[in-house]
Amino acid sequence: MKEFRANDGQVGGPFTDARLLLLTTTGARSGRPHTTLLGYYPDGERVLVVGSAGGGPKHPDWYHNLIADPAVTVETGLFTYPATAVVLRDAERDEVFARLVEADSGWGDYQTRTTRTIPVVALVPQPGPPTGDRGSFADALKLIHTAFRRELTLIREEVATSGTAGLGAQLRVNCLTVCQGLHYHHTGESGGLFPATLEQHPELSDEIAVLQSEHDQIAIHLAELEKLVIGPEPDLLPEVDRIVALLNAHLDREEAALLPLL
């Protein structure tokens, strides 16, 4: 956990480039905070964690804690936010678990080692913006950009290594989730940040116009990616590479133009 927090959610060894979070629950017996490092999967506006306990006979302690009190705290290394833990049940659990096994067969191996049904838990953010360690608007914007850069890098690697196995259901969810996130972020900037900046700094009208044009261009490519993702045999890598290049150039331009003012 120290390495995770010291490096904004990045750790080395076998978990290099893994999607990781810190989940803090309230001890069912002790009433004290209990923090655990877990892998997670994107799932729209929520994230998924799995109570595998390495295929052991008992559910992990954090699972018992959130059953007693579903109010939890999630740390991604960049953001910290309160969430509600929702245990997936019946058909939804089975469908999601099958998706995760397709993404990583290790989950299926763990299930074969135990007679218990390995739980899948959705962590649903509570309303309100997440927080980081830095308080300024400029720092918050940089954190958001860093999160998008990281996620796109992971997705690009996943798409590149999917090979002949085809695009799995979870990878489709990963792609659609980041598309949705970028759409919301750019819509918010176009409708809020850009007009507010222009009101205070009309001399930046040309630069804001370029940034807005890049938003429009990226939106076209995101829509194309979404079409490919839901298609029967998508060839995503060329479109993902285009989006990664466009977005990184756009984020660099936006940070250079706006962060000093914010």
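Refer to the preceding data block for the structure.
The structure presented is a predicted model; accordingly, all values stated were derived computationally and were not measured.

Student: Please clarify how the nonpolar core should be interpreted in this entry.
Tutor: In summary, soluble globular proteins display a tendency toward joint burial of nonpolar side chains. If you look at the biggest cluster of nonpolar residues, it comprises 20 residues, and the most contacted ones within it are Leu 182, Leu 225, Leu 236 and Leu 247. Of all the secondary structure elements, the ones that give two or more residues to this core are helix 5 (137–162), helix 6 (169–200), helix 7 (205–229) and helix 8 (237–258). The residues touching Leu 236, leaving out its near neighbours within four places in the chain, are Val 159, Leu 167, Cys 175, Leu 225, Leu 228 and Val 229. Residues Leu 38, Tyr 63, Leu 66 and Val 87 belong to the second largest nonpolar core, which totals 17 residues.

Student: Could you clarify how one ought to interpret the environment of Leu 23 in this entry?
Tutor: Along the chain, the position of Leu 23 falls in strand 1 (residues 20–26). Note: C-alpha distance between Leu 23 and Leu 66 (43 residues apart in sequence) is 10 Å.

Student: Honestly, the pairing of strand 5 (residues 71–75) in this entry has me stumped. Any pointers?
Tutor: Two faces belong to every sheet, and in a regular strand the side chains alternate between them. Here three bridges tie strand 1 to strand 5, and the two strands are oriented antiparallel to one another. The residue of strand 5 that forms the bridge with Leu 22 is Glu 75. Relative to strand 6 (residues 80–87), strand 5 is paired through five bridges, and the arrangement is antiparallel. For Glu 75, the partnering residue across the bridge sits in strand 6 and is Thr 80.

Student: Please explain the packing of aromatic side chains as it appears in this structure.
Tutor: Geometrically, a pair of aromatic rings is defined through the distance of the ring centres and the angle of the planes. The final tally for this structure, using the stated rule, is three aromatic pairs. On the basis of an interplanar angle of 65° and a centroid distance of 6.5 Å, the ring pair of Tyr 41 and Trp 107 is categorised as edge-to-face. One end of the pair, Tyr 41, is in strand 3 (residues 41–43); the other, Trp 107, is in helix 4 (residues 106–112), with 66 residues separating them in the sequence. Assessed through its relative accessible area of 14%, Trp 107 is described here as buried. Between Trp 107 and Tyr 110 the ring centres are 6.1 Å apart and the planes differ by 65°, which places this aromatic pair in the edge-to-face class. Of the two residues, Trp 107 and Tyr 110 are both situated in helix 4; the distance of three residues between them amounts to about one turn of the helix. A network of ring pairs unites the aromatic residues Tyr 41, Trp 107 and Tyr 110 as a single cluster. It is Arg 93 that lies over the ring of Phe 97; its NZ or CZ is 4.2 Å from the centre.

What counts, and at which threshold
- Residues numbered from 1 in each chain as written.
- Predicted model: local features only at pLDDT ≥ 70, side-chain atom pairs only at ≥ 80, totals over all residues.
- Heavy atoms only, no water.
- Core = buried A, V, L, I, M, F, W, Y, C linked by side-chain atoms within 4.5 Å.
- Buried < 20%, exposed > 50% of the residue type's maximum accessible area, 1.4 Å probe, protein only.
- Helix = DSSP H or I, 4+ residues; strand = E, 2+ residues; numbered from the N terminus.
- Contact = heavy atoms within 4.5 Å.
- Pairing = 2+ DSSP bridges.
- Phe/Tyr/Trp six-rings, centres within 6.5 Å; stacked < 30°, edge-to-face > 60°.
- Lys NZ or Arg CZ within 6 Å of the ring centre and 35° of its normal.

No statement about biological role is implied by the geometric values presented.
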